[in-house]
Amino acid sequence: MTVLSDLTRSLRARPVRPPQSGMSRRKSLWMRVHLDPWLLLLLVVLMGAGLIVLYSASGQSMAVVEAQAIRLGVALVVMAGLAQLSPVTLMRWAPLAYGGTLLMLVAVEVMGDVGMGAKRWLIIPGVMRFQPSELMKLAMPMMLAAYLGRRQLPPRVPDLMVCALILALPVVLIARQPDLGTSLLVATAAVFVVLLAGLSWRFIAFFSVLIASALPLLWMNMHDYQRQRVLTFLNPESDPLGAGWNIIQSTTAIGSGGVFGKGWLEGTQSQLEFLPERHTDFIVAVLGEEFGLIGMLAVLCLYLLIVARGLWLSNGAQDSFGRLLAGSIILTFFIYVFVNVGMVSGILPVVGVPLPLVSYGGTSSVTLMAGFGILMSIHSHRRLLPR
Amino acid sequence: MRKHRQALKNARQEMHTFRVRSLVAACLVVLLTGALMARLVYLQVVQHDVYITRSENNRVRVEPLPPTRGLIYDRNGELLAENRPTYNLTLVRERVDDIDATLALLIDLLDLPDAEIDAFRERSRQRQRPFQPALLMSDLSEEQIAKLAVNRYRLPGVEVEAQLLRYYPDAKIMSHALGFVGRINAEELNQLDPGNYAGTHFVGKTGVERYYEDELHGQAGLRKVETNARGRVLRELGRTDPVPGKNLTLTIDKDLQSLAVDLMDGRRGSIVAIAPKTGEILAMVSTPGFDSNQFVTGIDVASYRALQNDIDLPLFNRAARGHYPAGSTVKPFMALSGLVEGEITPSDTIYDPGYYQLPNDSRRYRNWLRWGHGKVDMERAITVSNNTYFYSLAHELGIDAISKHMHQFGFGERVTQDVYGESTGLMPSREWKRERFNQPWYPGETLSVGIGQGYLQVTPLQLATATAVLANRGHWVKPRLAKNIGDEEVPVDLPDTKQDITIENNEWWDDIYAGMENVLSGREGTARRAGKGLEYRMGGKSGTAQVFSLGQDEKYNADELAERLRDHALFIAFAPVDDPQIAISVIVENAGGGSSHASYLARDMADAWILGRDDKETDDDSEGDGA
């Protein structure tokens, strides 16, 4: 009993407890560079594991692995850079980031580049093309956290109305591209902010019912390919060579891996191209086939540790803005993991969500690491605040 | 400071709320991760067996390796059936995007005649399993291959593949004996072992090719290959080599066979030659023949119809299936039956007034010589082919005894080891008539059978076989076409050979032989012209068969009818008498001018075989003798 109370006391007290000894009064090296060593270690381990799987999933292409490694390196730099900014700066810039991204979404709507049947890309001629919706994944929680951080919490109804507006504008724009997956993820990030801010349980229940009753409406507004995905999810065998192929092949890959897996580079489903999109969205099936249940559990545990560390750090934030933003970032990160693994293992419909930091792809890695940079900034700048 | 504390208190409460909320979130995170893990345990532990099987099935494909069909040689090692490399057009439906467009393009490129298009489309649907190539067309020409190659990019799933195709260098003379292979049809597909025939497109349809299908085909091999999702073979995991079909050496002598075809000289009929001591069928000819190579690649409809409707029935194997009245060729066998039954002795004589009358019956059964042969004993009765003697003998024997003894010589039965589609002919009996017509047997009918007419019907193969048994002094050797199967020699003593005919007095054989020898060598012999200048002892017996319904059809025009109503000429022979090397039956349909025509052919066959000589110095003048 005493042990338990000790633990809870320490859990409650430690993040805000001022430094006690002269030793710890001196800022550690890590604090000075504004990085969290534990989180960094976990992320780097995950990236390393991801590259190993990617080598196999890309058909043993060193070129793909190198390209991904460079992207991850860039992402780490972005993370470290953002970590240097103080939360105060972030909070100040939040409306600008949100407003700018919103404008870009409007630009996409008006003159975006069409790729794969959807308008998602914005091209800055000669420089780059990118998806503003990706940026919104960060701009959205920043804006909401900045807004709610100045208000009295838990948020009251007028505040909630403003939040709803902030949420709805970009989400609708992204959904119209159409990119239902990203719009839902952006909405999820926003909802996490509001939930963490202390939205009353009564409201939560109310909105849950509202969303449930809105589902048929959503269904009616879906594109054919989106409906097909849901239908296929419900019964993959109905079209085994068409829409059901992906899910049948990915569950087959995972299931045939067994406890210990077929061994690195030995997965037949993966190496013989039965698995679709094996180095992007379905990369976890490669992991499951070649490293088995043990590999899957290890990676899931790694994600759990990252989420745990993230939640821990967000609890250490000194103001509402930092807490809400950090909490939302880390929970959204988990949602990515859950949706991706859930989809590949066949308990969720197929939506285009990559496995964070493991799937091949630049934009999402950079966005995610930028999020972790913000998280570290929030964690490492707290002692600079006046007491 | 107070203001500060206020803010701090507020912050504390907010922090508390956040802590509770994040704790709830952490619980949810653990819960959801637990759900994922449970799903993974279900897939990877509980359902592991299901999925490992599924992934193996995905990856591993078993491809059949068809064996090479055995070659067929004649007794001297001359190649009769070989495998020639040709190019085939195949199609894998699964790899074709638009099947109708592809077929239309192919039909256009190959310049197919309209009549072939339906069959072509039909073939594209014939296969046993998914991803199995369907054979659309065999034996592509160089031009067709070139056209297909140029348009290859427009034809995914369509391949030109090399294949060995059966070829018969001497199709015209060997057609009926060899038979042919053809494309496996839907009906055969159900009967063949699908494993062994998975990669095989052809199967023996008739003749030796059909009878020895199992031996010639061999055992299919297989290879396990790893394929990727698009079905491309990446590597071979394992392999069982096919066992090629066994080569077959026939008892047929190609030269003798060829001679027989030449001797028939375009007439309809059949010649069968058997080596009596071994049962080896030396020649088995049915004319007209046909080009069996046409059937290998799939004969076109028009040509097939032409063959089918040809009034000469080129597709009909007369040697094995043609039913002919035996005519007088039955007489030596009748005589032996009489001796065994004790109804006659060789020296018993009758007086022939030119006809025979049954007791209490005014009807006269005529001898072919109107004024009769006078005093006739058994030997002379055979030599001059006296009908009256055999009417009398038949009457005394009765149909039951005749039927019994004729069966001993193989009449009314299938006699050979391996001739495909062999007919039993018809050896009538009291029971048969009761069953067939629900009528009693009349004594007059016995007389007809006694001279080889009436209900009695024999095949050329049966006649030759019975002659061989006769020449063998009753010792049965089953006639056969296979001399060696692979390296194994086919034994002379085959199972289910009929029992030897044993008689009390072995000299009776010689008495019969004497009568038959005189047919060719005697002053009164019915084939004495054909026997002129014989350099060895040859026994024979002529026969004339009244025409029966073979091929008779209302479509015939008057001229043809007249020609086709002429009698068939028959001749059986064996030589040398003291050491028989060959037994022959010859049937020339509608030969007219009596039976002598056939006897020359038999003589030439025997000369060729025994003297190794191939001269066809037949003088065609013939007198109306023999019946």
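Quick notes on the rules
- Residues numbered from 1 in each chain as written.
- Chains lettered and ligands numbered in written order.
- Predicted model: local features only at pLDDT ≥ 70, side-chain atom pairs only at ≥ 80, totals over all residues.
- Heavy atoms only, no water.
- Helix = DSSP H or I, 4+ residues; strand = E, 2+ residues; numbered from the N terminus.
- Phe/Tyr/Trp six-rings, centres within 6.5 Å; stacked < 30°, edge-to-face > 60°.
- Buried < 20%, exposed > 50% of the residue type's maximum accessible area, 1.4 Å probe, protein only.
- Patch = residues over 30% accessible without salt bridge, like charges linked within 9 Å, V, L, I, M, F, W, Y side chains within 5 Å.
- Areas by Shrake-Rupley, 256 points an atom, 1.4 Å probe, with all protein chains shown as cover.
- Salt bridge = Lys/Arg side-chain N within 4 Å of Asp/Glu carboxyl O.
- Pairing = 2+ DSSP bridges.
- Axes fitted to C-alpha atoms, helices over the stretch in contact; angles between N-to-C directions.
- Contact = heavy atoms within 4.5 Å.

Student: Looking at this structure, how should I read unusual backbone geometry?
Tutor: Among all residues save glycine, negative phi is the norm, and among peptide bonds the norm is trans. Residue and element names in this part refer to chain B. Note that the residue after threonine 287, namely proline 288, is joined by a cis bond; omega there is -5°. Looking at the element boundaries, proline 288 is found in the loop between strand 14 (280–287) and helix 11 (293–296). The backbone of asparagine 360 shows a phi angle near 60°, a positive value even though the residue is not glycine.

Student: Help me out: how do you make sense of the packing of aromatic side chains in this one?
Tutor: The description of an aromatic ring pair rests on the distance of the ring centres and on the angle between the ring planes. Residues and elements named next belong to chain A. Counted under the stated rule, the structure contains 21 aromatic pairs over all chains. Aromatic pair tyrosine 303 and phenylalanine 333: ring centres 5.7 Å apart, planes at 50°, arrangement tilted. With tyrosine 303 in helix 14 (residues 283–315) and phenylalanine 333 in helix 15 (residues 320–344), this pair connects stretches of sequence that are 30 residues apart. Taken individually, tyrosine 303 and phenylalanine 333 each receive the classification buried, so the pair is uniform in this respect.

Student: How do you make sense of a nonpolar patch on the surface when you look at a structure like this?
Tutor: Judged by side-chain polarity, Val259, Phe260 and Ile294 of chain A together with Val41, Tyr42, Val45 and Val46 of chain B come together as a nonpolar surface patch covering roughly 610 Å² of accessible area. Per-element accounting of the nonpolar patch gives the leading share, four residues, to helix 1 (residues 2–46) of chain B. Among the secondary structure elements, isoleucine 294 of chain A is positioned in helix 14.

Student: It is not clear to me how the sheet that holds strand 23 (residues 582–588) of chain B should be interpreted in this structure. Could you clarify?
Tutor: Across a sheet, strands are paired by hydrogen bonds formed along the backbone, either parallel or antiparallel in direction. All names here are of chain B. Read across the sheet, five strands follow the order 14-13-23-22-21 without closing on themselves; strand pairing throughout is antiparallel. The sheet terminates laterally at strand 14 and strand 21 (539–545), the two strands that pair on one side only. Shown here is a sheet whose adjacent strand axes are inclined to one another by a mean of 5°, direction ignored. Bridge analysis of strand 13 (residues 269–275) against strand 14 gives seven bridges, and the strand direction is antiparallel.

Student: Please clarify how the sheet that holds strand 9 (residues 221–227) of chain B should be interpreted in this entry.
Tutor: Residues and elements named next belong to chain B. Read across the sheet, three strands follow the order 1-9-10 without closing on themselves; strand pairing throughout is antiparallel. Among the strands making up the open sheet, the edge pair consists of strand 1 (60–65) and strand 10 (233–240). Neighbour-to-neighbour, the strand axes of the sheet open up by a mean angle of 30°, direction not taken into account. Contacts from helix 2 (residues 48–59) reach strand 1, strand 9 and strand 10 within the one sheet, and its direction differs from that of strand 1 by about 40°.

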